[in-house]
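# Breakdown of the fold
Next come the chains, spelled out residue by residue.
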Amino acid sequence: MVEPGPGEVLVSAEQIAKRTAELGAEISRDYEGREVLMLGILKGAFLFMADLARELTVPCELDFMAVSSYGSSTSSSGVVRIVKDLDAPIADKHVLLVEDIVDSGLTLSYLLKNLAARGPASLEICTLLSKPGRSGRDLPVRYVGFELPDVFVVGYGLDHAQKHRNLPHIAALEA
Ligand code: 5GP
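Just so we're clear, the structure is a prediction, and the values are computed from it rather than from any experiment. (Residues numbered from 1 in each chain as written. Predicted model: local features only at pLDDT ≥ 70, side-chain atom pairs only at ≥ 80, totals over all residues. Heavy atoms only, no water.)

## Concerning the side chain of Glu99
- Of note, Glu99 is situated in strand β5 (residues 94–102).
- For the buried Glu99, no salt bridge is present, and the opposite-charge side chain at shortest range is Arg165, 9.7 Å distant.
- Not counting residues up to four positions away in its chain, the partners in contact with Glu99 are Ile41, Ala45, Phe48, Thr107, Leu108, Leu111, Cys126, Thr127 and Leu128. (Helix = DSSP H or I, 4+ residues; strand = E, 2+ residues; numbered from the N terminus. Buried < 20%, exposed > 50% of the residue type's maximum accessible area, 1.4 Å probe, protein only. Lys, Arg positive; Asp, Glu negative; His and termini not counted. Salt bridge = Lys/Arg side-chain N within 4 Å of Asp/Glu carboxyl O. Contact = heavy atoms within 4.5 Å.)

Structure follows, in structure tokens:
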């Protein structure tokens, strides 16, 4: 059996870098005079978080959370387990949740409820990728890098069976 692997490039490294700089400038304008707590969701968002953080001109702190969804490898079940929680409380902080991709939105809606209960001063979402045909579009996502068709993608942090996270671009997974 042939293992599925990265196929057609959907978003190039150059496109990612350009859009990340645009998002960084927009976020820096919006948070002028405030300090941001960037909250990255591991493992998928680690590269995007690192690149986006370097584009911010406002003071920022970084923290990470790791979640795992009980589902098959290519779809989300909506039942989320916190594998690694934040290191510090977020009460009264301006939290920017940094995600790799919003697909069904189930992971994000769980996280939003969980984080909102901790009393942040504000809570916004920045996702590199979004699949607009899915119900994730109903979530209040303030910053979106790219909208994708409904295909499973890998690269730039996103995996299939833990592989391909190190690709510099986003590619469709092909059999
Ligand atoms: P949701 O709960 O929105 O359906 O899924 C969110 C999570 O599922 C993402 O954070 C990501 O880990 C994973 N996911 C959703 N779509 C894709 C995809 O196309 N490729 C990869 N590698 N992971 C995905």
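## Structural notes on the packing of helix α1 (residues 13–30) against helix α2 (residues 46–53)
- At a minimum axis distance of 9 Å, the contact between α1 and α2 shows a crossing angle of 60 degrees. Here α1 lies oblique to α2, going by the angle between them. Where α1 crosses over α2, the handedness of that crossing is right-handed. Seen from α1, the contacting residues are Thr20, Leu23, Gly24 and Ile27; seen from α2, they are Phe48, Asp51 and Leu52.
- Looking at the contact of α1 with α2 residue by residue, the class counts come to four nonpolar, two polar and one charged. (Axes fitted to C-alpha atoms, helices over the stretch in contact; angles between N-to-C directions. Parallel < 35°, antiparallel > 145°, perpendicular 65-115°, else oblique. Left-handed = near helix turned anticlockwise from the far one by under 90°. Nonpolar A, V, L, I, M, F, W, Y, C, P; charged D, E, K, R; others polar.)

## Details of the sheet that holds strand β1 (residues 5–11)
- The sheet built from three strands is open, its strands ordered β1-β9-β8 with antiparallel pairing. Sheet topology places β1 and β8 (153–154) at the edges, where each strand pairs with a single neighbour.
- Sheet topology places β8 next to strand β9 (residues 170–174); two bridges connect them, and they run antiparallel. When the sheet's bridge partners are listed, Val154 is paired in β9 with Ala171. (Pairing = 2+ DSSP bridges.)

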